[in-house]
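Chain by chain, the residues run as shown.
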Amino acid sequence: MEKTRKNLSEAFSGESQANRKYLAYAKKADDEGYKGVAKLFRAVAEAETIHAHNHLREMGAIQSTSENLMSAIKGETYEFSAMYPPMINDAKAEGYSGAEKTLYFANEVEKIHAHLFRGALNNESQFKDVEYYVCTICGNTVENNPQEKCSICAAKKEFFKKID
Ligand SMILES: [Fe+2]
Ligand SMILES: [Fe+2]
(Lines give C-alpha, C1' and ligand atoms only; values in the text may rest on other atoms or scores of the structure.)
(Ligands and ions follow the chains in the order given, each with its own letter.)
Protein backbone atom coordinates (compact mmCIF):
# COMPACT_ATOMS: atom_id res chain seq x y z
CA MET A 1 0.00 0.00 0.00
CA GLU A 2 2.98 2.29 0.58
CA LYS A 3 3.71 2.47 -3.13
CA THR A 4 0.07 3.09 -3.98
CA ARG A 5 -0.19 5.92 -1.46
CA LYS A 6 2.77 7.60 -3.14
CA ASN A 7 1.26 6.93 -6.57
CA LEU A 8 -2.07 8.47 -5.51
CA SER A 9 -0.28 11.56 -4.28
CA GLU A 10 1.60 11.87 -7.55
CA ALA A 11 -1.56 11.26 -9.57
CA PHE A 12 -3.41 13.88 -7.51
CA SER A 13 -0.70 16.46 -8.30
CA GLY A 14 -0.75 15.62 -12.00
CA GLU A 15 -4.54 15.72 -12.35
CA SER A 16 -4.72 18.97 -10.37
CA GLN A 17 -2.17 20.58 -12.64
CA ALA A 18 -3.89 19.30 -15.77
CA ASN A 19 -7.15 20.84 -14.53
CA ARG A 20 -5.65 24.34 -14.11
CA LYS A 21 -3.62 24.07 -17.30
CA TYR A 22 -6.63 23.06 -19.40
CA LEU A 23 -8.70 25.91 -17.95
CA ALA A 24 -5.93 28.31 -18.99
CA TYR A 25 -5.83 26.68 -22.43
CA ALA A 26 -9.63 26.97 -22.70
CA LYS A 27 -9.40 30.70 -22.00
CA LYS A 28 -6.75 31.05 -24.69
CA ALA A 29 -8.84 29.01 -27.16
CA ASP A 30 -11.81 31.28 -26.40
CA ASP A 31 -9.65 34.37 -27.01
CA GLU A 32 -8.52 32.90 -30.33
CA GLY A 33 -12.10 32.12 -31.34
CA TYR A 34 -11.86 28.33 -31.06
CA LYS A 35 -15.09 27.90 -29.11
CA GLY A 36 -15.28 24.13 -29.66
CA VAL A 37 -11.72 23.56 -28.53
CA ALA A 38 -12.35 25.80 -25.51
CA LYS A 39 -15.34 23.67 -24.56
CA LEU A 40 -13.31 20.47 -25.01
CA PHE A 41 -10.59 21.81 -22.71
CA ARG A 42 -13.22 22.74 -20.11
CA ALA A 43 -14.88 19.31 -20.36
CA VAL A 44 -11.58 17.47 -19.89
CA ALA A 45 -10.59 19.88 -17.10
CA GLU A 46 -13.82 18.97 -15.31
CA ALA A 47 -13.02 15.26 -15.68
CA GLU A 48 -9.49 15.83 -14.31
CA THR A 49 -11.05 17.45 -11.25
CA ILE A 50 -13.11 14.31 -10.70
CA HIS A 51 -9.96 12.19 -10.97
CA ALA A 52 -8.07 14.48 -8.58
CA HIS A 53 -10.90 14.41 -6.01
CA ASN A 54 -11.23 10.64 -6.28
CA HIS A 55 -7.49 10.21 -5.62
CA LEU A 56 -7.56 12.70 -2.74
CA ARG A 57 -10.50 10.91 -1.12
CA GLU A 58 -8.77 7.56 -1.54
CA MET A 59 -5.68 9.00 0.16
CA GLY A 60 -7.84 9.85 3.17
CA ALA A 61 -6.89 13.49 2.75
CA ILE A 62 -10.43 14.87 2.95
CA GLN A 63 -11.40 15.02 6.60
CA SER A 64 -13.82 17.01 8.76
CA THR A 65 -14.09 20.73 8.02
CA SER A 66 -12.14 21.61 11.16
CA GLU A 67 -9.37 19.23 10.17
CA ASN A 68 -9.44 20.50 6.60
CA LEU A 69 -9.14 24.09 7.84
CA MET A 70 -6.12 23.10 9.95
CA SER A 71 -4.57 21.38 6.96
CA ALA A 72 -5.23 24.47 4.80
CA ILE A 73 -3.67 26.78 7.43
CA LYS A 74 -0.61 24.53 7.54
CA GLY A 75 -0.29 24.55 3.75
CA GLU A 76 -0.72 28.32 3.36
CA THR A 77 1.68 28.99 6.23
CA TYR A 78 4.31 26.72 4.72
CA GLU A 79 3.98 28.61 1.43
CA PHE A 80 4.47 32.11 2.81
CA SER A 81 7.00 31.23 5.50
CA ALA A 82 9.21 28.64 3.81
CA MET A 83 8.39 28.13 0.16
CA TYR A 84 7.91 31.51 -1.50
CA PRO A 85 10.50 33.75 0.22
CA PRO A 86 13.57 31.86 -1.12
CA MET A 87 11.85 31.56 -4.51
CA ILE A 88 11.37 35.34 -4.58
CA ASN A 89 15.06 35.78 -3.73
CA ASP A 90 16.08 33.39 -6.52
CA ALA A 91 13.94 35.27 -9.04
CA LYS A 92 15.45 38.55 -7.86
CA ALA A 93 19.00 37.15 -8.10
CA GLU A 94 18.33 35.89 -11.62
CA GLY A 95 16.71 39.14 -12.71
CA TYR A 96 13.49 37.30 -13.60
CA SER A 97 11.20 40.17 -12.72
CA GLY A 98 7.95 38.63 -14.03
CA ALA A 99 8.43 35.58 -11.82
CA GLU A 100 9.45 37.76 -8.90
CA LYS A 101 6.11 39.53 -9.25
CA THR A 102 3.89 36.43 -9.53
CA LEU A 103 5.75 34.77 -6.63
CA TYR A 104 5.40 37.96 -4.57
CA PHE A 105 1.66 38.18 -5.30
CA ALA A 106 1.16 34.57 -4.21
CA ASN A 107 3.29 35.00 -1.11
CA GLU A 108 1.35 38.06 0.07
CA VAL A 109 -2.02 36.45 -0.61
CA GLU A 110 -1.14 33.18 1.17
CA LYS A 111 -0.73 35.23 4.39
CA ILE A 112 -4.30 36.48 3.92
CA HIS A 113 -5.53 32.96 3.17
CA ALA A 114 -3.98 31.59 6.35
CA HIS A 115 -5.59 34.45 8.30
CA LEU A 116 -9.03 33.84 6.75
CA PHE A 117 -8.85 30.10 7.39
CA ARG A 118 -7.77 30.71 10.97
CA GLY A 119 -10.74 33.00 11.49
CA ALA A 120 -13.06 30.35 10.06
CA LEU A 121 -11.55 27.67 12.27
CA ASN A 122 -12.10 29.81 15.36
CA ASN A 123 -15.69 30.57 14.50
CA GLU A 124 -17.13 28.57 11.63
CA SER A 125 -20.71 29.83 11.97
CA GLN A 126 -19.75 33.49 11.75
CA PHE A 127 -18.72 32.94 8.14
CA LYS A 128 -22.03 32.00 6.62
CA ASP A 129 -23.03 35.53 5.55
CA VAL A 130 -19.65 36.72 4.36
CA GLU A 131 -19.13 37.61 0.71
CA TYR A 132 -15.73 37.07 -0.88
CA TYR A 133 -14.04 38.95 -3.68
CA VAL A 134 -10.87 37.79 -5.43
CA CYS A 135 -8.53 40.09 -7.35
CA THR A 136 -8.18 38.58 -10.82
CA ILE A 137 -4.69 40.05 -11.16
CA CYS A 138 -2.98 38.89 -7.95
CA GLY A 139 -5.47 36.62 -6.19
CA ASN A 140 -5.96 38.95 -3.22
CA THR A 141 -8.93 37.55 -1.31
CA VAL A 142 -11.12 40.00 0.59
CA GLU A 143 -14.28 39.85 2.64
CA ASN A 144 -17.54 41.67 1.96
CA ASN A 145 -16.39 44.48 -0.33
CA PRO A 146 -13.87 44.67 -3.15
CA GLN A 147 -11.11 47.16 -2.37
CA GLU A 148 -11.14 50.48 -4.28
CA LYS A 149 -7.57 49.66 -5.19
CA CYS A 150 -6.12 46.20 -4.54
CA SER A 151 -3.87 46.41 -1.48
CA ILE A 152 -1.40 43.99 -3.04
CA CYS A 153 -1.24 44.75 -6.79
CA ALA A 154 -3.02 48.14 -6.98
CA ALA A 155 -5.57 46.90 -9.54
CA LYS A 156 -8.83 48.84 -9.66
CA LYS A 157 -12.07 47.64 -8.04
CA GLU A 158 -13.43 46.28 -11.36
CA PHE A 159 -10.76 43.59 -11.34
CA PHE A 160 -12.28 41.94 -8.27
CA LYS A 161 -14.53 38.97 -8.95
CA LYS A 162 -17.33 38.07 -6.56
CA ILE A 163 -17.30 34.44 -5.51
CA ASP A 164 -20.65 32.63 -5.38
FE1 LIG B 1 -3.44 30.50 -0.69
FE1 LIG C 1 -4.67 42.45 -6.76
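Reading guide: rules and limits
Residues numbered from 1 in each chain as written. Chains lettered and ligands numbered in written order. Predicted model: local features only at pLDDT ≥ 70, side-chain atom pairs only at ≥ 80, totals over all residues. Helix = DSSP H or I, 4+ residues; strand = E, 2+ residues; numbered from the N terminus. Buried ≥ 20, exposed ≤ 12 C-beta atoms within 10 Å, placed from the backbone. Expected span 1.5 Å × (residues − 1). Bend = angle between axes of the 7 residues up to and from the residue. Axes fitted to C-alpha atoms, helices over the stretch in contact; angles between N-to-C directions. Parallel < 35°, antiparallel > 145°, perpendicular 65-115°, else oblique. Left-handed = near helix turned anticlockwise from the far one by under 90°. Pairing = 2+ DSSP bridges. Contact = placed C-beta atoms within 7 Å. Domains from an automatic or database assignment. Nonpolar A, V, L, I, M, F, W, Y, C, P; charged D, E, K, R; others polar. Core = buried A, V, L, I, M, F, W, Y, C linked by C-beta atoms within 7 Å.

A. How the structure looks around unusual backbone geometry. Although it is not a glycine, Asn-144 adopts a positive phi angle of roughly 70°. At Ala-154, a position not held by glycine, the phi torsion is positive, near 70°. Inspection of the secondary structure assignment puts Ala-154 in the loop between strand 2 (141–143) and strand 3 (160–163). Given 12 C-beta atoms within a 10 Å radius, Ala-154 is considered exposed.

B. Quick peek at helix 3 (residues 65–93). Taking 1.5 Å per residue as the helical rise, helix 3 with its 29 residues ought to reach 42 Å, and the 40 Å between its terminal C-alpha atoms agrees with that figure. By the largest-angle criterion, Tyr-84 marks the main kink of helix 3, which is about 45°, and a proline, Pro-85, follows within four residues. Looking one or two places after helix 3, you find Gly-95, whose phi comes out positive at around 65°.

C. Quick look at the packing of helix 1 (residues 2–31) against helix 2 (residues 35–58). Contact pair helix 1 / helix 2: the axes reach a minimum separation of 8 Å and the direction vectors enclose 160°. As summarised for this structure, helix 1 and helix 2 are arranged roughly antiparallel, according to the angle between their axes. When you trace helix 1 past helix 2, the crossing you get is left-handed.

D. Fine view of the sheet that holds strand 1 (residues 132–135). Taken together, the 3 strands give an open sheet; going across it, the order is 2-1-3, and neighbouring strands pair in antiparallel fashion. The open sheet terminates on both sides in strands that have one partner only, identified here as strand 2 and strand 3. Within this sheet the neighbouring strands show an average axis-to-axis angle of 30°, counted without direction. As defined by bridge partners, strand 1 adjoins strand 3 across 4 bridges and the pair is classed as antiparallel.

E. Helix 1, seen in detail. Taking 1.5 Å per residue as the helical rise, helix 1 with its 30 residues ought to reach 44 Å, and the 44 Å between its terminal C-alpha atoms agrees with that figure. Among the residues of helix 1, Phe-12, Glu-15, Tyr-22 and Ala-26 are the ones counted as buried. Where the residues of helix 1 are buried, they touch helix 2. With its phi angle positive at about 85°, Gly-33 sits one or two positions after the end of helix 1.

F. Just the domain arrangement of the protein chain, in detail. Structurally, the protein chain comprises domain 1 (2–58), domain 2 (64–128) and domain 3 (129–164). A C-alpha centroid distance of 16 Å is found between domain 2 and domain 3. Of the residues lining the interface, 9 residues belong to domain 2; the matching set on domain 3 comes to 8 residues. For the side of domain 2 that touches domain 3, the per-class residue count stands at 6 nonpolar, 1 polar and 2 charged.

G. Up close: the nonpolar core. Listed in full, the 7 residues of the largest apolar core are Val-109, Tyr-133, Cys-135, Cys-138, Cys-150, Ile-152 and Phe-160. Residue contacts for Cys-150: discarding those within four places in its chain leaves Cys-135, Ile-137, Cys-138, Asn-140, Ala-155 and Phe-159.

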